[in-house]
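# Residue-level structure breakdown
Now for the letters of each chain:
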Amino acid sequence: MTDAGELRRRTQELLAAHPPAETERLDFLRARFDAGLAWVHYPQGLGGLGAPRSLQTVVDAELEAAGAPDNDPRRIGIGLGMAAPTILKYGTEEQKRRFLRPLWTGEEVWCQLFSEPGAGSDLAALGTRAVREGDGWLVNGQKVWTSSAHLARWAILIARTDPDVPKHQGITYFVCDMTDPGVEVRPLRQITGEAEFNEVFLTGVGIPDAHRLGEVGDGWRVAQTTLNNERVAIGGMRLPREGGMIGPVSRTWRERPELRTPDLHQRLLGLWVEAEVARFTGERLRQQLTVGQPGPEGAGMKLAFARLNQEISGLEVELRGEEGLLYDDWTMRRPELVDFTGRDAGYRYLRSKGNSIEGGTSEVLLNIVAERVLGLPAEPRTDKDVAWKDLAR
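Below is a short write-up of the structure. (Residues numbered from 1 in each chain as written. Predicted model: local features only at pLDDT ≥ 70, side-chain atom pairs only at ≥ 80, totals over all residues. Heavy atoms only, no water.)

What follows is about helix H5 (residues 93-105). Here H5 is 13 residues long and its end C-alpha atoms lie 19 Å apart, about the 18 Å a rise of 1.5 Å per residue gives. Within H5 the residues assigned to the buried category are Gln95, Lys96, Phe99, Leu100, Pro102, Leu103, Trp104 and Thr105. Contact partners of the buried residues in H5: helix H2 (25-34), helix H4 (77-90), strand E1 (110-113), strand E4 (154-160), strand E5 (171-177) and strand E8 (212-213). Where H5 ends, the next residue or the one after it, Gly106, has phi of about 85°, a positive value. (Helix = DSSP H or I, 4+ residues; strand = E, 2+ residues; numbered from the N terminus. Expected span 1.5 Å × (residues − 1). Buried < 20%, exposed > 50% of the residue type's maximum accessible area, 1.4 Å probe, protein only. Contact = heavy atoms within 4.5 Å.)

Here we take up a nonpolar patch on the surface. There is a patch of nonpolar side chains on the surface, built from Val373, Leu374 and Leu376 and spanning about 280 Å² of accessible area. Within the element layout of this structure, Leu374 appears in the segment after helix H11 (362-373). Its relative accessible area of 58% is what places Leu374 among the exposed residues. (Patch = residues over 30% accessible without salt bridge, like charges linked within 9 Å, V, L, I, M, F, W, Y side chains within 5 Å. Areas by Shrake-Rupley, 256 points an atom, 1.4 Å probe, with all protein chains shown as cover. Salt bridge = Lys/Arg side-chain N within 4 Å of Asp/Glu carboxyl O.)

In this section: the environment of His168. The topology assignment puts His168 in the loop between E4 and E5. According to the relative accessible area criterion, His168 is partly exposed, its value standing at 33%. Sequence separation between His168 and Ala125 is 43 residues, and the spatial gap between their C-alpha atoms is 7.8 Å. Dropping the residues within four chain positions of it, His168 is found in contact with Ala124 and Trp220.

On to the pattern of salt bridges, then. Going through the model one piece at a time under the given rule, you end up with 39 salt bridges. In this structure, Glu323 and Arg256 form a salt bridge, with 2.9 Å as the shortest nitrogen-oxygen distance. Of this pair, Glu323 sits in the loop between helix H9 (297-320) and helix H10 (345-351) while Arg256 sits in the loop between helix H7 (246-255) and helix H8 (262-289), and the two are 67 residues apart along the sequence. On the basis of relative accessible area, Arg256 is assigned to the partly exposed category, the value being 24%.

Our next topic: the nonpolar core. In this structure, Trp39, Leu100, Trp110, Phe114, Ile158 and Tyr173 are the most contacted members of the largest nonpolar core, which totals 36 residues. Elements represented by at least two residues in this core include exactly H2, H4, H5, E4, E5 and helix H6 (219-235). The leading source of residues in this core is H4, at 7 residues. Once residues lying within four places of it in the same chain are set aside, the contact partners of Ile158 are Leu113, Phe114, Leu123, Leu126, Lys143, Ile171, Thr172, Tyr173, Gly219 and Ala223. Within the second largest apolar cluster, 18 residues are counted, among which are Ala130, Val139, Ala159 and Phe174. (Core = buried A, V, L, I, M, F, W, Y, C linked by side-chain atoms within 4.5 Å.)

The next point concerns H11. Three or more residues of H11 are buried, namely Ser362, Leu365, Ile368, Val369 and Ala370. Phi turns positive one or two residues past the end of H11, at Gly375, with a value near 75°.

Here Lys302 is to be found in helix H9. At 2.8 Å, the side chain of Lys302 and the backbone oxygen of Glu358 are in polar contact. (Polar contact = N/O pair within 3.5 Å; in protein donor to acceptor, adjacent residues only side chain to side chain.)

With that settled, consider the packing of helix H1 (residues 4-17) against helix H3 (residues 56-65). Put simply, H1 and H3 touch, their axes get as near as 9 Å, and they point 35° apart. Viewed along their axes, H1 and H3 form a crossing whose handedness is right-handed. Touching Ala4, Leu7, Arg8, Thr11, Gln12, Leu14 and Leu15 of H1 are Val58, Val59, Glu62 and Leu63, all from H3. Among the residues forming the contact of H1 with H3, the class breakdown is 7 nonpolar, 2 polar and 2 charged. (Axes fitted to C-alpha atoms, helices over the stretch in contact; angles between N-to-C directions. Left-handed = near helix turned anticlockwise from the far one by under 90°. Nonpolar A, V, L, I, M, F, W, Y, C, P; charged D, E, K, R; others polar.)

What follows is about the packing of aromatic side chains. For the structure on display, the rule yields 9 aromatic pairs. For the pair Trp145 and Phe197, a centre-to-centre distance of 6.1 Å together with 80° between the ring planes defines the contact as edge-to-face. Of this pair, Trp145 sits in the loop between strand E3 (136-143) and E4 while Phe197 sits in strand E7 (residues 197-208); the two residues are 52 residues apart in sequence, bridging distant segments of the chain. Residue Phe197 is classed as buried on the basis of its relative accessible area of 10%. (Phe/Tyr/Trp six-rings, centres within 6.5 Å; stacked < 30°, edge-to-face > 60°.)

Turning to the pairing of E1, a few remarks are in order. Neither face of E1 is open: one carries Trp110 and Gln112, the other Cys111 and Leu113, and all of them are buried. Both E1 and E4 contribute to a ladder of 4 bridges, which runs parallel. Bridging from a neighbouring strand, Trp110 pairs with Trp154 of E4. (Pairing = 2+ DSSP bridges.)

Each disulfide is one covalent bond, formed between the sulfur atoms of two cysteines. A full pass over the atoms with the stated rule returns 0 disulfides. Residue Cys111 stays outside any disulfide, its sulfur separated by 7.8 Å from that of Cys176, the closest cysteine. Cys111 gets classed as buried once you look at its relative accessible area, which sits at 0%. In this structure Cys176 comes out as buried when scored by relative accessible area, which is 0%. (Disulfide = S-S within 2.5 Å.)

Keep in mind these values describe shape, not function.
So, in structure tokens, the structure goes:
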């Protein structure tokens, strides 16, 4: 299945059998998945047709022109961008068929239980324990900075299953049921006033071994697939020209000439060019994905995303002067998604501060780029061969 014409024909057949104006949204999404038009590069029976990833745009254009509903990708971004590719690569056939369809249609929201209070930048130092009990595992621990935990049905979870080996070797990867009575989700109120993130406490959570992804003790390698895809999902999203943060400040510049100064003009021009460079670089990265899995290059895109968002939002606040200091709403909310462009300049400025932390801190990503992209010598790591239980904490 490599022909664009054949994909158009299949898409038109879907539209004829399920007219968007007459079909319930969820029914249409399920039919699209079953027709192999959800993500065409996935295998047949799992929402795809085994076609090149680049041909997805053919399907998307036909469906958009017909007014077909999408699966609200921003709301289910963790499932689409992180859980799905990990399940596809490491999951059993039973796991793939159980999880991928409701994940793609948005019937089941996913979250990520990776970071911990004592294991953020040094993720491999995590201490959440999973102990074998019968044909399953008993999990106890705490996770933090968990987006969408208050909405999620499932979570991708890494936990320590062997404390007697070095920290990277004793980790196993699981799918956790967020409805288990041992899962407690507490909101974390942010500088924006919202509680978009959560902390999650796991107390005697039972996970069947059938919900393990990969081999016991191989969780760090499995997690690298998740993390590489996460960085691409955050930093390499497809945007039109003046999409993202650069859009609102560019519009303000055109519509409010009384705010302009020569210095701001030069800074805006520079950031506009950098935003375009990042956009085209993201397109190139997505093209590379058509022939393989994302690699460490995604770390560079995530770095650029964070820096540009912070610099652009800072320029926007400065451009607006006193108006830039206003804030629309401090109400405590638990939103379903992050809307960078739908709020005011103050929100964008405050929310962008988290961009250099979430999805891997900029400091850690700089190390990844230095060591795995540029081939520079690695920093000395004295704990590399020390059993996790013997590490200083």
